[in-house]
Amino acid sequence: YYNNLCNHAMRFVYSKEAAEDIVNEVFANFWQQQVFEKINNSYRAYLYQAVRYRSYNYIKYELNQTESLEPDHTTTPVLQADDILHYTELCQKLDRVIQELPPQCRKAFQLNRLEGKKYAQVAEELGITVSAVERLISRALSKLRSELKEEWMPGL
(Lines give C-alpha, C1' and ligand atoms only; values in the text may rest on other atoms or scores of the structure.)
Protein backbone atom coordinates (compact mmCIF):
# COMPACT_ATOMS: atom_id res chain seq x y z
CA TYR A 1 0.00 0.00 0.00
CA TYR A 2 3.01 2.29 0.37
CA ASN A 3 2.97 4.04 -3.02
CA ASN A 4 -0.81 4.51 -3.06
CA LEU A 5 -0.77 5.88 0.49
CA CYS A 6 2.04 8.30 -0.43
CA ASN A 7 -0.03 9.54 -3.37
CA HIS A 8 -3.04 9.89 -1.07
CA ALA A 9 -1.03 11.95 1.44
CA MET A 10 0.39 14.14 -1.33
CA ARG A 11 -3.17 15.25 -2.15
CA PHE A 12 -3.18 16.99 1.22
CA VAL A 13 0.39 18.08 1.93
CA TYR A 14 1.71 18.67 -1.63
CA SER A 15 5.18 17.48 -0.69
CA LYS A 16 6.60 14.09 -1.59
CA GLU A 17 8.99 14.07 1.36
CA ALA A 18 6.28 15.04 3.86
CA ALA A 19 3.90 12.46 2.37
CA GLU A 20 6.53 9.73 2.69
CA ASP A 21 7.21 10.75 6.30
CA ILE A 22 3.50 10.63 7.09
CA VAL A 23 3.08 7.17 5.58
CA ASN A 24 6.19 5.93 7.39
CA GLU A 25 4.81 7.22 10.69
CA VAL A 26 1.47 5.51 10.05
CA PHE A 27 3.18 2.19 9.27
CA ALA A 28 5.46 2.51 12.31
CA ASN A 29 2.48 3.22 14.57
CA PHE A 30 0.52 0.41 12.92
CA TRP A 31 3.29 -2.05 13.81
CA GLN A 32 4.60 -0.70 17.13
CA GLN A 33 1.17 -0.16 18.68
CA GLN A 34 -0.06 -3.47 17.19
CA VAL A 35 -3.05 -1.68 15.72
CA PHE A 36 -3.48 -4.50 13.21
CA GLU A 37 -4.83 -6.73 15.99
CA LYS A 38 -7.63 -4.27 16.81
CA ILE A 39 -8.95 -3.73 13.26
CA ASN A 40 -12.24 -5.45 12.50
CA ASN A 41 -12.65 -4.15 8.94
CA SER A 42 -10.19 -3.65 6.13
CA TYR A 43 -6.55 -2.77 6.75
CA ARG A 44 -6.67 -0.69 3.57
CA ALA A 45 -9.53 1.47 4.85
CA TYR A 46 -7.78 1.96 8.18
CA LEU A 47 -4.49 2.93 6.53
CA TYR A 48 -6.11 5.44 4.17
CA GLN A 49 -8.01 7.05 7.03
CA ALA A 50 -4.92 7.12 9.25
CA VAL A 51 -2.88 8.79 6.49
CA ARG A 52 -5.65 11.32 5.90
CA TYR A 53 -5.87 12.27 9.60
CA ARG A 54 -2.09 12.34 9.98
CA SER A 55 -2.01 14.68 6.94
CA TYR A 56 -4.59 16.94 8.58
CA ASN A 57 -2.45 17.09 11.71
CA TYR A 58 0.61 17.90 9.61
CA ILE A 59 -1.27 20.78 7.94
CA LYS A 60 -2.45 22.10 11.30
CA TYR A 61 1.10 21.96 12.64
CA GLU A 62 2.48 23.75 9.58
CA LEU A 63 -0.18 26.46 9.85
CA ASN A 64 0.66 27.04 13.50
CA GLN A 65 4.35 27.34 12.64
CA THR A 66 3.77 29.94 9.95
CA GLU A 67 1.33 32.04 11.99
CA SER A 68 4.02 33.04 14.47
CA LEU A 69 6.24 34.44 11.73
CA GLU A 70 5.93 37.98 10.42
CA PRO A 71 3.47 38.16 7.54
CA ASP A 72 5.00 38.07 4.10
CA HIS A 73 2.63 39.68 1.64
CA THR A 74 4.39 38.22 -1.40
CA THR A 75 3.29 34.64 -0.64
CA THR A 76 -0.14 33.14 -1.04
CA PRO A 77 -2.49 33.74 1.89
CA VAL A 78 -2.70 31.14 4.65
CA LEU A 79 -6.07 29.48 5.17
CA GLN A 80 -8.06 30.84 8.06
CA ALA A 81 -9.20 28.63 10.94
CA ASP A 82 -12.80 28.72 9.66
CA ASP A 83 -11.68 27.48 6.25
CA ILE A 84 -9.73 24.62 7.80
CA LEU A 85 -12.67 23.71 10.03
CA HIS A 86 -15.06 23.76 7.06
CA TYR A 87 -12.64 21.64 5.03
CA THR A 88 -12.30 19.12 7.86
CA GLU A 89 -16.08 18.91 8.27
CA LEU A 90 -16.48 18.49 4.52
CA CYS A 91 -13.95 15.64 4.52
CA GLN A 92 -15.74 13.95 7.43
CA LYS A 93 -19.08 14.26 5.65
CA LEU A 94 -17.49 12.90 2.47
CA ASP A 95 -16.17 9.90 4.42
CA ARG A 96 -19.62 9.35 5.94
CA VAL A 97 -21.37 9.49 2.56
CA ILE A 98 -18.84 7.05 1.09
CA GLN A 99 -19.43 4.65 3.99
CA GLU A 100 -23.20 4.87 3.40
CA LEU A 101 -22.88 3.74 -0.22
CA PRO A 102 -23.94 0.16 -1.01
CA PRO A 103 -20.97 -2.19 -0.41
CA GLN A 104 -20.12 -2.97 -4.03
CA CYS A 105 -20.62 0.64 -5.10
CA ARG A 106 -18.38 1.81 -2.23
CA LYS A 107 -15.70 -0.77 -3.10
CA ALA A 108 -15.69 0.24 -6.79
CA PHE A 109 -15.51 3.93 -5.87
CA GLN A 110 -12.66 3.42 -3.40
CA LEU A 111 -10.65 1.29 -5.81
CA ASN A 112 -11.08 3.77 -8.67
CA ARG A 113 -11.09 7.19 -7.03
CA LEU A 114 -9.03 6.66 -3.88
CA GLU A 115 -6.55 4.04 -5.04
CA GLY A 116 -6.34 5.23 -8.65
CA LYS A 117 -7.13 1.91 -10.32
CA LYS A 118 -8.50 1.85 -13.86
CA TYR A 119 -12.04 0.64 -14.53
CA ALA A 120 -10.69 -2.59 -16.05
CA GLN A 121 -8.63 -3.31 -12.93
CA VAL A 122 -11.63 -2.63 -10.68
CA ALA A 123 -13.82 -4.87 -12.85
CA GLU A 124 -11.28 -7.68 -12.65
CA GLU A 125 -10.90 -7.35 -8.88
CA LEU A 126 -14.66 -7.27 -8.27
CA GLY A 127 -15.43 -9.92 -10.90
CA ILE A 128 -17.86 -7.72 -12.86
CA THR A 129 -17.89 -6.05 -16.27
CA VAL A 130 -16.33 -2.68 -17.03
CA SER A 131 -19.76 -1.22 -17.84
CA ALA A 132 -20.99 -2.36 -14.41
CA VAL A 133 -18.05 -0.54 -12.82
CA GLU A 134 -18.94 2.59 -14.80
CA ARG A 135 -22.51 2.44 -13.52
CA LEU A 136 -21.36 1.91 -9.92
CA ILE A 137 -18.95 4.86 -10.09
CA SER A 138 -21.65 7.00 -11.72
CA ARG A 139 -24.11 6.17 -8.92
CA ALA A 140 -21.49 6.92 -6.27
CA LEU A 141 -20.63 10.28 -7.82
CA SER A 142 -24.30 11.17 -8.17
CA LYS A 143 -24.89 10.36 -4.49
CA LEU A 144 -21.83 12.37 -3.44
CA ARG A 145 -22.90 15.38 -5.50
CA SER A 146 -26.42 15.37 -4.08
CA GLU A 147 -25.24 14.95 -0.47
CA LEU A 148 -22.43 17.50 -0.64
CA LYS A 149 -23.90 20.21 -2.88
CA GLU A 150 -24.85 22.41 0.10
CA GLU A 151 -21.44 21.96 1.73
CA TRP A 152 -19.29 22.94 -1.23
CA MET A 153 -17.63 26.34 -1.02
CA PRO A 154 -17.12 27.70 -4.54
CA GLY A 155 -14.72 30.37 -3.26
CA LEU A 156 -11.96 27.88 -2.45
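Residues numbered from 1 in each chain as written. Predicted model: local features only at pLDDT ≥ 70, side-chain atom pairs only at ≥ 80, totals over all residues. Heavy atoms only, no water.

### What to know about the overall build of the protein
Across its full length, the protein holds seven helices and zero strands. Taken from the N to the C terminus, the helices and strands of the protein come in the order α-α-α-α-α-α-α. Sorting the 156 residues of the protein into buried and exposed places 31% on the buried side. Taking as baseline every contact in the protein between residues at least 6 positions apart, the subset at least 24 positions apart corresponds to 58%. Carbon and sulfur atoms provide 51% of the accessible area of the protein, an area that totals close to 10,600 Å². (Helix = DSSP H or I, 4+ residues; strand = E, 2+ residues; numbered from the N terminus. Buried < 20%, exposed > 50% of the residue type's maximum accessible area, 1.4 Å probe, protein only. Contact = heavy atoms within 4.5 Å. Areas by Shrake-Rupley, 256 points an atom, 1.4 Å probe, with all protein chains shown as cover.)

### Structural notes on the packing of aromatic side chains
Under the defined criterion, the tally for this structure stands at two aromatic pairs. Between Tyr-2 and Phe-27, the aromatic rings sit 6.5 Å apart at their centres with planes inclined by 25°, giving stacked as the arrangement. Taken together, the residues span a long stretch of sequence, with Tyr-2 in helix α1 (residues 2–13) and Phe-27 in helix α2 (residues 16–32) at a distance of 25 residues. A relative accessible area of 27% means that Phe-27 is categorised as partly exposed. Measuring from ring centre to ring centre gives 5.8 Å for Tyr-53 and Tyr-56, while their planes differ by 65°; the resulting arrangement is edge-to-face. (Phe/Tyr/Trp six-rings, centres within 6.5 Å; stacked < 30°, edge-to-face > 60°.)

### Here's the deal with helix α7 (residues 130–148)
End to end, α7 covers 27 Å across 19 residues, agreeing with the expected 27 Å (1.5 Å per residue, within 8%). Every buried residue belonging to α7 is among Ala-132, Val-133, Leu-136, Ile-137, Ala-140, Leu-144 and Leu-148, and all of these are buried. An end-on view of α7 places all buried positions within 135° of arc, on one side of the element. Turned more than 90 degrees away from the buried face of α7, the exposed residues are Arg-139 and Arg-145. (Expected span 1.5 Å × (residues − 1). Arc of directions from axis to C-beta.)

### Things to note about α2
Its 17 residues give α2 an end-to-end C-alpha distance of 24 Å, which sits within 8% of 24 Å, the value for a rise of 1.5 Å per residue. Every buried residue of α2 is listed here: Ala-18, Ala-19, Ile-22, Val-23, Val-26 and Phe-30. Each buried residue of α2 sits inside an arc of 135° when the element is viewed along its axis, so together they form one side. Facing away from the buried side of α2 by more than 90 degrees, the exposed set consists of Glu-17, Trp-31 and Gln-32. Of the residues one or two after α2, Gln-34 is the one with positive phi, at around 50°.

### Thoughts on the packing of helix α6 (residues 119–126) against α7
Contact geometry of α6 with α7 gives a least axis separation of 8 Å together with a crossing angle of 105°. Taken together, α6 and α7 sit at an angle that is classed as roughly perpendicular. Facing α6, whose interface residues are Tyr-119, Ala-120, Val-122 and Ala-123, α7 presents Val-130, Val-133, Glu-134 and Ile-137. Across the contact of α6 with α7, the residue classes break down as seven nonpolar, no polar and one charged. (Axes fitted to C-alpha atoms, helices over the stretch in contact; angles between N-to-C directions. Parallel < 35°, antiparallel > 145°, perpendicular 65-115°, else oblique. Nonpolar A, V, L, I, M, F, W, Y, C, P; charged D, E, K, R; others polar.)

### Points about the nonpolar core
Soluble globular proteins tend to pack their nonpolar side chains together in the buried interior. In terms of nonpolar packing, the biggest core is built from 19 residues, with Leu-5, Val-13, Val-23 and Val-51 touching the most fellow members. Of all elements in the fold, only α1, α2 and α3 (43–67) reach the threshold of two or more residues within this core. Looking at this core element by element, the count peaks at six residues for α2. Setting aside residues no more than four positions away along its own chain, Val-13 makes contact with Ala-18, Ala-19, Ile-22, Ser-55, Tyr-58 and Ile-59. If you look at the next biggest cluster of nonpolar residues, it comprises 16 residues, including Phe-109, Ala-123, Leu-136 and Ala-140. (Core = buried A, V, L, I, M, F, W, Y, C linked by side-chain atoms within 4.5 Å.)

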